[in-house]
Amino acid sequence: MTASLASVVRRLGRPVTYTRWLHLLMATVAGVLTGFLHGGTFRTGGWETWLRLAMLPVPLVLAAALVPVVRRVEGLQAQLLLTPGPHGPEQRAASGIATTPSARWRDRARTAGWLLLRLETGVAVTALTVQLPMLAVAFGMAAAGRPSHLSGLPAIGAPHWWYGLLVPLPLVLLLAVALGAGALMARAARLLLGPSAAERLAALEARTERLLAHNQLAQELHDSIGHALTVTVVQAGAARAAGAAEFTDRALAAIEETGRQALGDLERALRLLREDAPRPADRPLLTEAERLLESARAAGSAVSAELSGPLADLPGPVSREGYRMVQEALTNVLRHAGPVPVSVRIAADGGVLELDVRNPLPAVPAGPGSGGRGLRGIRERATLLGGEARTGPADGTWRVSVRLPLPA
């Protein structure tokens, strides 16, 4: 009992209790406006007036529910007044109340149900908000020996001091009604103004798109920046070991060019987190693979390359992902084997794009599937494009082999 009383007291101290109360009182505005337009609504007074305020706006409310934007307005109002703050984008999304216009007749029907419930509950709570404090005043006047004849209230019997004991009861009842009605409306808002199945599916798809964009950002950073850092480390180590001024100059020039390319890749990747996210066409294509080969050569690797087929005519997604796969394969060679001979084959023929990167097996990770996230990323990219990728030892070499289907 004590715990329940403490819970009620805590709820009375929460601002949301009174914003919900305000939300219900605002629902009576439609009844008051239609009451002024309908003659005689406020002449009789008493409970008959409240009944008219609850019934006259019903046709107007049902007509308003047909307007798509009304659902959005009611959803925003319910989020602000019925759910606890703060009201940032994340909190609003988690409120379970939609703020999109009605798109289907089912949405309009739910909006109509919400408007009717809010109207009738709001008028009832407003009536009690007006009448119950007046009843408390009447009890107080009767306790003081002054009979009251307040409008809309039944006449109280002969004045007596014990009426003073009844003064708090109407106020306690009013607070209980406000608490209960507010909680009821918050639940009803989630039920009647909550997202439809189609909206939930659209939200899930949008969230999936964001997660894919974040994964793409991670992969882009791993591939481009990892490649640049690997080339830079290998170049710097080779220059120090060589001790020749001419070789050092070439190494510094290669490091400068690699760093410049990495900065460009980094800028493109970071735009994925901004509103001006780059178009996919802004990412490098397989036709630019020569810069990867030159970067590996500058790091000391003897690179033999074979590029054949109409690479410029490849579909954008295939060409972009193929570039990243070759980049990661070369990065893996430089990181784990150093400046060793590398053979690269890129061929588009017979409806298939083939990528093949090989280097001597010693000093590279042994066993299929090794090589960490980079090689795993190659396999993931290939799978998403409907192809396959194999990595591991083959004929005395470490081989990365990718086959991607091409549309007719």
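By the naming in an unreviewed UniProt entry, the chain is histidine kinase, taken from Streptomyces nigrescens. The record held by UniProt for the chain lists under Catalytic activity (unreviewed entry) the comment "ATP + protein L-histidine = ADP + protein N-phospho-L-histidine."

Participant: Go over the overall build of the chain, please, and point to the residues and values.
Facilitator: Helix and strand content of the chain: 14 helices and five strands. When the 408 residues of the chain are sorted by exposure, 39% land in the buried category.

Participant: Could you give an account of the packing of helix H2 (residues 15-26) against helix H6 (residues 68-82), naming the residues involved and the relevant values?
Facilitator: Each pair of packed helices can be summarised by the angle the axes make with each other and by the distance between the axes. At a minimum axis separation of 8 Å, H2 and H6 run at an interaxial angle of 145°. Residues Val16, Thr19, Arg20, His23 and Met26 of H2 touch H6, and the partners they reach there are Gln77, Ala78, Leu81 and Leu82. Across the contact of H2 with H6, the residue classes tally to five nonpolar, three polar and one charged.

Participant: Help me get a handle on the UniProt feature "transmembrane region" (unreviewed entry) in the chain, residues and values and all.
Facilitator: In the numbering used here, UniProt assigns the "transmembrane region" (unreviewed entry) feature to residues 21-38, 50-70, 115-141 and 161-186. End-to-end, the C-alpha atoms of residues 50-70 are 25 Å apart, and along that stretch the chain is 76% helix and 0% strand. Secondary structure content for residues 115-141 is 100% helix and 0% strand, while the C-alpha to C-alpha distance between its ends is 39 Å.

Participant: I'd like a description of empty space enclosed by the protein, backed by residues and values.
Facilitator: Following the criterion strictly, the structure yields two cavities of 30 Å³ or more and no others. In this structure, the second largest cavity is lined by Met325, Val326, Ala329, Leu355, Asp356, Val357, Val400 and Val402. The residue makeup of the lining of the second largest cavity, split by class, is seven nonpolar, no polar and one charged.

Participant: Describe a nonpolar patch on the surface, and please don't skip the residues or the numbers.
Facilitator: A cluster of nonpolar side chains, contributed by Leu22, Met26, Val29 and Leu33, occupies part of the molecular surface with about 340 Å² of accessible area. For the nonpolar patch, the secondary-structure elements that each account for two or more residues are H2 and helix H3 (28-37). Looking at where Met26 falls in the secondary structure, it is placed in helix H2.

Participant: Which residues make up the pairing of strand S4 (residues 388-394), and what values go with them?
Facilitator: Two faces, one strand: in a regular strand the side chains alternate between the faces of the sheet. Two strands pair when backbone bridges link them, and S4 and strand S5 (residues 397-405) are joined in this way by seven bridges, in the antiparallel orientation. Bridge pairing in S5 links Thr391 to Val400.

Participant: Go over the packing of aromatic side chains, please, and point to the residues and values.
Facilitator: One pass over the structure, following the stated rule, counts one aromatic pair. Across the ring face of Trp105, the terminal group of Arg108 is positioned such that the distance to the ring centre comes to 4.7 Å.

Participant: Provide a residue-level description of the pattern of salt bridges, including the pertinent values.
Facilitator: Following the criterion strictly, the structure yields 11 salt bridges and no others. Close ionic contact of Arg381 with Glu321 constitutes a salt bridge, the shortest N to O distance being 2.1 Å. You can see Arg381 sitting in helix H14 (residues 373-384) and its partner Glu321 sitting in helix H13 (residues 316-336), a full 60 residues away along the chain. There is no split in this pair, since Arg381 and Glu321 are both buried. A salt bridge links Arg403 to Glu354; the shortest N-O distance between them is 2.7 Å. Here Glu354 lies in strand S3 (residues 352-360) and Arg403 lies in strand S5, a separation of 49 residues in the sequence. Taking the relative accessible area as the measure of exposure, Arg403 reaches 36% and is therefore partly exposed. Salt bridges sharing partners connect three or more residues here, namely Glu306, Arg345, Glu354 and Arg403.

Participant: So what's going on with the nonpolar core? Which residues, and what values?
Facilitator: Residues Ile346, Leu353 and Val402 are the most contacted members of the largest nonpolar core, which totals 33 residues. The element best represented in this core is H13, accounting for seven residues. In contact with Val402, other than residues within four places in its own chain, are Met325, Leu353, Glu354, Leu355, Ile378, Ala382, Glu388 and Ala389. Core analysis: the second largest hydrophobic core is formed by 29 residues, Trp50, Val70, Trp114 and Leu193 among them.

Participant: Any chance you could break down the sheet that holds strand S2 (residues 342-349) for me, citing the residues and the numbers?
Facilitator: The sheet built from five strands is open, its strands ordered S1-S2-S3-S5-S4 with mixed pairing. Two strands lie at the open edges of the sheet, namely strand S1 (303-308) and S4, each paired on one side alone. Strand-to-strand twist in this sheet, taken as the mean axis angle between neighbours without regard to direction, amounts to 10°. The sheet contacts of helix H12 (residues 289-298) involve S1 and S2, and relative to S1 the element is tilted by about 170°. The sheet strands contacting H13 are S2, S3 and S5, and the helix crosses S3 at an angle near 5°.

Participant: Break down the confidence of the model for the chain for me, with residues and values.
Facilitator: Per-chain confidence: the chain averages 79 in pLDDT, with 75% of residues scoring 70 or above. Per-element confidence in the chain is highest for S3, whose mean pLDDT is 92, and lowest for helix H7 (residues 89-94), whose mean pLDDT is 66. pLDDT under 50 marks residues 363-370. Its contacts with residues more than four places away, or in other chains, come to 20 contacts.

Participant: Quick rundown of H6? Include the residues and the values.
Facilitator: In this model, H6 (15 residues) spans 21 Å end to end at C-alpha, consistent with the 21 Å of a helix rising 1.5 Å per residue. Turning to H6, its buried residues number three or more, namely Val70, Arg71, Glu74, Gly75, Gln77, Ala78, Gln79, Leu81 and Leu82.

Participant: Give me the lowdown on H3, citing residues and values where you can.
Facilitator: Among the residues making up H3, those that are buried are Thr28, Gly31, Thr34 and Gly35. In a view along the axis of H3, the buried residues occupy a sector of 125°, so they form one face of it. Across H3 from its buried face, at more than 90 degrees, point the exposed residues Leu33, Phe36 and Leu37. Its buried side turned inward, H3 meets H2, helix H4 (46-55), helix H5 (58-64) and helix H8 (105-143).

Participant: Describe the pairing of S3, naming the residues involved and giving the relevant values.
Facilitator: As judged from the seven bridges shared by S2 and S3, these two strands associate in the antiparallel manner. When the sheet's bridge partners are listed, Val344 is paired in S3 with Val357. Between the end of S2 and the start of S3, which pair antiparallel, lie two residues, with Gly350 showing a positive phi angle near 60°. Sheet topology places S3 next to S5; nine bridges connect them, and they run antiparallel. Its bridge partner being in S5, Arg358 is matched across the sheet by Arg399.

Parameters and conventions
- Residues numbered from 1 in each chain as written.
- Predicted model: local features only at pLDDT ≥ 70, side-chain atom pairs only at ≥ 80, totals over all residues.
- Heavy atoms only, no water.
- UniProt positions renumbered as here; feature names shortened; annotations may be inferred.
- Helix = DSSP H or I, 4+ residues; strand = E, 2+ residues; numbered from the N terminus.
- Buried < 20%, exposed > 50% of the residue type's maximum accessible area, 1.4 Å probe, protein only.
- Axes fitted to C-alpha atoms, helices over the stretch in contact; angles between N-to-C directions.
- Contact = heavy atoms within 4.5 Å.
- Nonpolar A, V, L, I, M, F, W, Y, C, P; charged D, E, K, R; others polar.
- 1 Å grid on protein atoms, 1.4 Å probe; cavity = no way out; pocket = protein on both sides within 12 Å on 5 of 7 lines; lining within 4 Å.
- Points joined across faces, edges and corners; volume = space filled by probe spheres on them.
- Patch = residues over 30% accessible without salt bridge, like charges linked within 9 Å, V, L, I, M, F, W, Y side chains within 5 Å.
- Areas by Shrake-Rupley, 256 points an atom, 1.4 Å probe, with all protein chains shown as cover.
- Salt bridge = Lys/Arg side-chain N within 4 Å of Asp/Glu carboxyl O.
- Pairing = 2+ DSSP bridges.
- Phe/Tyr/Trp six-rings, centres within 6.5 Å; stacked < 30°, edge-to-face > 60°.
- Lys NZ or Arg CZ within 6 Å of the ring centre and 35° of its normal.
- Core = buried A, V, L, I, M, F, W, Y, C linked by side-chain atoms within 4.5 Å.
- pLDDT = per-residue confidence, 0-100.
- Expected span 1.5 Å × (residues − 1).
- Arc of directions from axis to C-beta.

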